[in-house]
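Each chain is listed here by its residues.
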Amino acid sequence: PTGCLLSFSRTVDGTTFTSSIKEKTVARALYAQARAKDKLAGLVRSSALDMENFQTEVNILPGAKVQFELHYQEAKWRKLGSYEHRLHLQPGRLARHLEVDVWIIEPQGIRFVHVPDTFEGHFDGVPVISKGHQKAHISFRPTVAQQRKCSKCSETAVDGELVVMYDVHREKKAGELEVFNGYFVHFFAPENLHPIPKNILFVIDVSGSMWGVKMKQTVEAMKTILDDLREEDQFSVVDFNQNVRTWKNDLVSATKTQTADAKKYIEKIHPSGGTNINEALLRAIFILNEANNLGLLDPNSVSLIILVSDGDPTVGELKLSNIQKNVKQNIQDNVSLFSLGMGFDVDYDFLKRLSNENRGIAQRIYGNQDTASQLKKFYNQVSTPLLRNVQFNYPHSSVTDVTQNSFHNYFGGSEIVVAGKFDPDKLEKIQSIITATSANTELVLETLAQMDDLEDFLSKDKHADPDFTRKLWAYLTINQLLAERSLAPTAAAKKKITRSILQMSLDHHIVTPLTAMVIENNAGDERMLADSPPPDQSCCSGALYYGSKVAPGSIPSWANPSPAPLVPMRAEGAQVLESTPPPHVMR
Ligand SMILES: *[C@@H]1O[C@H](CO)[C@@H](O)[C@H](O)[C@H]1NC(C)=O
């Protein structure tokens, strides 16, 4: 999940359009009304991909001045030791004013800021980075001359991503408890802990569709992954098409000789045939369970399965819900299953359900050429388990609505975030106690936060969002409810969760799969609709369309939208969106 569209507004010659969140059916009805009256109506359409993709397409009278303002908020998850903010910059032509400002505001203090050279040395002198103790500012304002691909070119060299990476200081092992306005957020990312040994099974799809670049890239990634295993780790490799094979039928220690042998095995694989995911996963689980039952697993180790697949099952058990059931039954909640879906032929929702239900996460990999590095990067996120059974405790009497507070594992480079509500009139400080198991000891970590710690800090900076504790709490809660909803055992349970999600998104103004945003002018006769992905997809990717050019007669089909007749805004001679509003980044 990435983030959420918060609001979108548009000003046409002085008339401002503002946004509000409505239940999906209500929003669609309002939109249909505007369309029926042949008024200007518009649409924000979701894209099914896991990326943010907002497009405004609008028809504008010559000489009219239009300004778009998009407020989008996303939670930044720490990965591989840093937060990363990516901004796609593809203006398509030289822009008179191209300005990007990124402000970072961190009460804990900023440890480093890094802006990788993603434009291949084109922009000497920009971006300018200024970093203080708790604040940093990155300013990217290339002049027209600097934007030119070459001194006489009329093409722009601004065509890619501006990436900002940073991390904060983490002196306190027990994490940082940030408290404000009745909400708290607890950031927990301890370092300098010894890694816990892992028992890891790589389950690799080698069906025909993996043939070519995909397999080459997988092999390349697997070779570096195997090199990174520690000697105290145990592993094996399961590869499958219609049949399931193993490199070794039992887990073996990751010594140099064994990893070298596994690498040779993987190099020799020739993809062909069908896909039997069910068998492959059950085999992997069996190997882990058997090792445990024979007493071959270190009691203080963690068990992981990494599934790499590029397609739906074609052999053996085909029904996804049955595979899900089989896996859950056999895994018995003591193995974490991580899934990587390659490309577009794979039912990514299925992989997500499979992983969410079994203590893991799923990720999708796009493209071909850098599959190896994406795969490696994903693996790195789970390669270093540092803690097991992490439990966050807060005083029951005064703290309520705590988000998920118990975690099977904590992996190095990541971060656990827990949020909750409290009554500021009753409490002057919040105390938390974290218990966890590390490689060599049981930990009990305590931390304390004063109520007004942040108030002063947040009120002094106009770029700070004093409401971030509430928003982050709401966002975490909604995401959790969405995950629960997709696993709800009965229709009644699902309905109940649906109601809560709806209420939360209306209360906190967040577009979810169940709500939509209506953007309208004061008179209410011009409307746009901001819709979001269907349930069970990541929250809030979206594309923005202006509806006056949608084929008349009906609301476009959501299942099969046809953006084709729309004319891109830039082709209409409108003012190009030349300045980027400051991104709202919340941590
Ligand atoms: C998981 O738990 C079950 C039941 O206690 C046990 O039989 C199995 O061996 C365990 N598997 C692993 C990998 O720890």
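Residues numbered from 1 in each chain as written. Predicted model: local features only at pLDDT ≥ 70, side-chain atom pairs only at ≥ 80, totals over all residues. Heavy atoms only, no water.

Looking at the site of the ligand
- As a matter of local geometry, the ligand sits amid Leu288, Asn289, Asn292, Asn293, Ser303, Gln332, Asn334 and Val335.
- Separating an oxygen atom of the ligand from a side-chain N or O atom of Asn292 is a distance of 2.7 Å.
- Between Asn293 and the ligand, the recorded distance is 2.7 Å, taken from a side-chain N or O atom to an oxygen atom.
- Bound to the protein, the ligand loses 70% of the 360 Å² it would expose on its own.
- Of the residues forming the shell around the ligand, the biggest block, four residues, is contributed by helix H5 (residues 277-293).
- Residue composition of the shell around the ligand, by class: two nonpolar, six polar and no charged. (Near = heavy atom within 4 Å. Polar contact = N/O pair within 3.5 Å; in protein donor to acceptor, adjacent residues only side chain to side chain. Areas by Shrake-Rupley, 256 points an atom, 1.4 Å probe, with all protein chains shown as cover. Helix = DSSP H or I, 4+ residues; strand = E, 2+ residues; numbered from the N terminus. Nonpolar A, V, L, I, M, F, W, Y, C, P; charged D, E, K, R; others polar.)

Details of the confidence of the model for the protein
- Per-residue confidence for the protein gives a mean pLDDT of 81, with 81% of residues at or over 70.
- The low-confidence segment residues 45-52, where pLDDT is below 50, has 32 contacts with residues more than four positions distant or belonging to other chains.
- In this model, residues 533-586 is a region of pLDDT below 50 whose contacts with residues beyond four sequence positions or in other chains number 164 contacts. (pLDDT = per-residue confidence, 0-100. Contact = heavy atoms within 4.5 Å.)

Quick word on unusual backbone geometry
- If you check the backbone angles, Asn181 has positive phi at about 55 degrees while not being a glycine.
- Looking at the secondary structure, you find Asn181 in the loop between strand S11 (176-180) and strand S12 (183-188).
- Notably, Asn192 is not glycine yet its phi reads approximately 55 degrees, a positive angle.

Re the sheet that holds strand S7 (residues 110-114)
- Taken together, three strands build an open sheet; the order of strands is S5-S10-S7 and the sheet is antiparallel. Every interior strand has two partners, whereas the edge strands, strand S5 (83-89) and S7, have only one. Taken pair by pair, the neighbouring strands of this sheet meet at an average axis angle of 15 degrees, ignoring direction.
- One ladder, built from seven bridges, connects S5 with strand S10 (residues 160-168); its direction is antiparallel. Bridged to Tyr83 within S10 is Tyr166. (Pairing = 2+ DSSP bridges. Axes fitted to C-alpha atoms, helices over the stretch in contact; angles between N-to-C directions.)

Some words on the sheet that holds strand S22 (residues 406-411)
- Strand order in the open sheet formed by four strands is S22-S20-S24-S25, and the pairing between neighbours is antiparallel. Looking at which strands have only one partner, the edges of the open sheet turn out to be S22 and strand S25 (442-450). The mean inter-strand angle of the sheet, taken between neighbouring strand axes irrespective of direction, is 30 degrees.
- Here four bridges tie strand S20 (residues 385-393) to strand S24 (residues 429-437), and the two strands are oriented antiparallel to one another. Bridge pairing links Gln391 to Thr435 in S24.

Focus: the environment of Leu354
- Tracing the sequence through the fold places Leu354 in helix H7 (residues 348-357).
- By relative accessible area, Leu354 is classed as buried at 0%.
- Here the alpha-carbon distance between Leu354 and Leu337, two residues 17 residues apart in the chain, equals 7.7 Å. (Buried < 20%, exposed > 50% of the residue type's maximum accessible area, 1.4 Å probe, protein only.)

Quick notes on the pairing of S11
- A large share of S11 lies buried, amounting to five of its five residues.
- Because side chains alternate across S11, one face comprises the buried residues Glu176, Glu178 and Phe180, and the other comprises Leu177 and Val179, equally buried.
- With five bridges joining them, S11 and S12 adopt antiparallel strand pairing. Looking at the pairing, Glu176 lines up with Phe187 of S12.

Here's the deal with the packing of helix H3 (residues 213-228) against helix H4 (residues 256-267)
- Between H3 and H4, the least distance of the axes is 10 Å, while the angle of their chain directions is 170 degrees. It follows that H3 is roughly antiparallel to H4 by the angle criterion. Here Val219, Met222, Lys223, Leu226 and Asp227 of H3 lie close against H4, whose contacting residues are Thr259, Ala262, Lys263, Ile266 and Glu267. (Parallel < 35°, antiparallel > 145°, perpendicular 65-115°, else oblique.)

A few points about H7
- Within the sequence span of H7, burial applies to Tyr348, Phe350, Leu351, Lys352, Leu354 and Ser355.
- Looking at the buried positions of H7, the neighbouring elements they touch are H5, strand S17 (302-309), helix H6 (320-331), strand S18 (336-342) and strand S19 (362-365).
- Measuring from the backbone nitrogen of Asp349 back to the side-chain oxygen at the start of H7 gives 3.3 Å, which picks out Asp347 as the cap.
- Two residues or fewer past H7, Arg359 is found with a positive phi of approximately 60 degrees.

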